[in-house]
Each structure stands twice: as C-alpha cells, then as structure tokens.
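Inside the fold
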Amino acid sequence: MATRMKEKAAIRQENADRRPRAIARYVRISSRKVKIVIDLIRGKNYKEAEAILMYTPKAASEPVLKLLRSAGANAENNLGLNVEDLYVAEVFANQGPTLKRFMPRARGRATRIRKRTSHITLILDQKVAAND
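Residues numbered from 1 in each chain as written. Predicted model: local features only at pLDDT ≥ 70, side-chain atom pairs only at ≥ 80, totals over all residues. Heavy atoms only, no water.

Running from amino to carboxyl end, helix α3 (residues 46–54) crosses helix α4 (residues 61–79) at an angle of 155 degrees, the nearest separation of the two axes being 9 Å. The angle between α3 and α4 falls in the class roughly antiparallel. The way α3 lies across α4 gives a crossing that is left-handed. Contact residues: α3 offers Tyr46, Ala49, Glu50, Leu53 and Met54, while α4 offers Ser61, Val64, Leu65, Leu68, Arg69 and Gly72. (Axes fitted to C-alpha atoms, helices over the stretch in contact; angles between N-to-C directions. Helix = DSSP H or I, 4+ residues; strand = E, 2+ residues; numbered from the N terminus. Parallel < 35°, antiparallel > 145°, perpendicular 65-115°, else oblique. Left-handed = near helix turned anticlockwise from the far one by under 90°. Contact = heavy atoms within 4.5 Å.)

Written out as structure tokens, the structure is:
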C-alpha cells in the first residue's frame, strides 16, 4: 500500500525550505496591527531590522523582535550561518482564531467582543555577494 516511502521521504527532505525561519502562533494582537510593524522591516538586513523594532513604539514590535531574534538564533545554531550576512527575506502575518467574549450593555443586552489573534512567520536569507 505505501510504496516507495523512503524515496518519497528523501524527495520531500530535498525540497524542504532550508532558509532559517521562526513562527509565532496565537499572538494576542490583531494581524492588521502586526502588518504595520512587519512592513517596516521587510527586506532590511538583520541588524537594521533589530534596531528598527527596538525603537518602534507599537505593541506588535515586541513579539516581532522576539521572533526576529529567534530566527537569527535558528540560523546560527541549526544552520551555522552568520547573522551579519542575513536579511529579512519574507515576513507575513495571518489571522489566527478569534476569541469571542461578551460585554454587558444597556437594557439587559450583551454585545460580542472579538479578541483577535495572529500567526506571524519570519524567514531570513543570506545576502548574495556581488561579483564585481
């Protein structure tokens, strides 16, 4: 029934994305607010992105900074790369599950409060040296 399992596993392993990445799931900030912050660092080198996030006065900058440092640590420890040569290749925030809460209102009514969450993915890549 399961033919060529080892061959298929080897092919999957070859095609796996080898760039350093970090994923933060169920972050308790709306993805709309996170996207404002991640647009600031997309395409920047690692040190510049870290500096931008450290001085950005947004609530979303703290989890994104933590995620950037995690991706940098993954690059150093797992792949043996130098963080000086890395830049933010891809970064995106998707909507996570929404927590639904209720708040009492006038005349015995209740309204739904939506507490939104997000999944943030950050992928680093090495700079390509120009052959001049």
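The next thing to look at is a positive patch on the surface. Positive charge collects at one region of the surface, where Arg28, Lys33, Lys58, Arg101 and Lys115 lie side by side. Turning to its location among the elements, Lys58 is positioned in the loop between α3 and α4. (Patch = residues over 30% accessible without salt bridge, like charges linked within 9 Å, V, L, I, M, F, W, Y side chains within 5 Å. Areas by Shrake-Rupley, 256 points an atom, 1.4 Å probe, with all protein chains shown as cover. Salt bridge = Lys/Arg side-chain N within 4 Å of Asp/Glu carboxyl O. Lys, Arg positive; Asp, Glu negative; His and termini not counted. Charge placed at Lys NZ, Arg CZ, Asp CG, Glu CD.)

The subject of this paragraph is the packing of helix α2 (residues 31–41) against α3. Running from N to C, α2 and α3 point in directions that differ by 140 degrees, and their axes come no closer than 9 Å. Once α2 is placed against α3, the crossing between them reads as right-handed. Packed against α2, whose contacting residues are Val37, Leu40 and Ile41, the element α3 presents Ala49, Ile52 and Leu53 at the interface.

Right, let's get into α4. Along an α-helix, a turn takes 3.6 residues, which lines up residues three or four apart on a common side. Between its first and last C-alpha, α4 extends 26 Å over 19 residues, near the 27 Å set by a 1.5 Å rise per residue. Inspection of α4 places Ser61, Val64, Leu65, Leu67, Leu68, Ala71, Gly72 and Ala75 among the buried residues, and these make up the whole buried set. Seen along its axis, α4 keeps its buried residues to an arc of 165 degrees; they face one direction. Those residues of α4 that are exposed and aimed more than 90 degrees away from the buried face are Glu62, Lys66, Asn77 and Asn78. Residues of α4 that are buried in the fold lie against β1 (21–27), α2, α3, β2 (86–95) and β5 (118–126). (Expected span 1.5 Å × (residues − 1). Buried < 20%, exposed > 50% of the residue type's maximum accessible area, 1.4 Å probe, protein only. Arc of directions from axis to C-beta.)

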